[in-house]
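# Structural overview for review
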Amino acid sequence: SPETSVKVSLVNFLITPEGLLDQLLGIVVAKERPDLEEEKSALVLQGAENKKSLAEIEDKILNVLSAADNILEDESGVAVL
């Protein structure tokens, strides 16, 4: 549909030169060394999972710290920390 092509065009114009270089490098590496491209993809996914896990842990710590009157007496709070 015309709306989709307009949105896609806007996205393409918003790409930075560094992002375009990364995409082109990814294409070249995928052709010449598919094993490295697979490893890179796995590392990117692992990094995203680690960021999500870190955010969840930070939220747990903040909840424990804000809910506890005395953190040293709260066994579950100490376990989280």
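Refer to the structure above for everything that follows.
In what follows, the accompanying structure is described. (Residues numbered from 1 in each chain as written. Predicted model: local features only at pLDDT ≥ 70, side-chain atom pairs only at ≥ 80, totals over all residues. Heavy atoms only, no water.)

## Remarks on the overall build of the protein
- When you go through the protein residue by residue, the secondary structure sums to four helices and zero strands.
- In sequence order, the secondary structure elements of the protein are arranged as α-α-α-α.
- Within the span of the protein, comprising 81 residues, buried residues form 6% of the whole.
- Of the accessible surface of the protein, which amounts to about 7200 Å², a share of 62% is contributed by carbon and sulfur atoms. (Helix = DSSP H or I, 4+ residues; strand = E, 2+ residues; numbered from the N terminus. Buried < 20%, exposed > 50% of the residue type's maximum accessible area, 1.4 Å probe, protein only. Areas by Shrake-Rupley, 256 points an atom, 1.4 Å probe, with all protein chains shown as cover.)

## Structural notes on the pattern of salt bridges
- A complete count under the given rule lists one salt bridge for this structure.
- Here D35 makes a salt bridge to R33, at a shortest N to O gap of 3.2 Å.
- According to the relative accessible area criterion, D35 is partly exposed, its value standing at 43%.
- Classification of R33 by relative accessible area gives partly exposed; the value is 43%. (Salt bridge = Lys/Arg side-chain N within 4 Å of Asp/Glu carboxyl O.)

## Digging into the packing of helix α2 (residues 17-32) against helix α3 (residues 34-67)
- Contact geometry of α2 with α3 gives a least axis separation of 5 Å together with a crossing angle of 130°. By the angle between their axes, α2 is oblique relative to α3. Between α2 and α3, the contacting residues are G26, V29, A30, K31 and E32 on the first element and P34, L36 and E37 on the second.
- Class assignment of the residues belonging to the contact of α2 with α3 gives a composition of four nonpolar, one polar and three charged. (Axes fitted to C-alpha atoms, helices over the stretch in contact; angles between N-to-C directions. Parallel < 35°, antiparallel > 145°, perpendicular 65-115°, else oblique. Contact = heavy atoms within 4.5 Å. Nonpolar A, V, L, I, M, F, W, Y, C, P; charged D, E, K, R; others polar.)

## Observations concerning a nonpolar patch on the surface
- On the surface, I15, L20, L24 and I27 cluster together into a nonpolar patch covering about 340 Å² of accessible area.
- Tracing the sequence through the fold places L20 in helix α2.
- Residue classification places L20 among the partly exposed residues on the basis of a relative accessible area of 41%. (Patch = residues over 30% accessible without salt bridge, like charges linked within 9 Å, V, L, I, M, F, W, Y side chains within 5 Å.)

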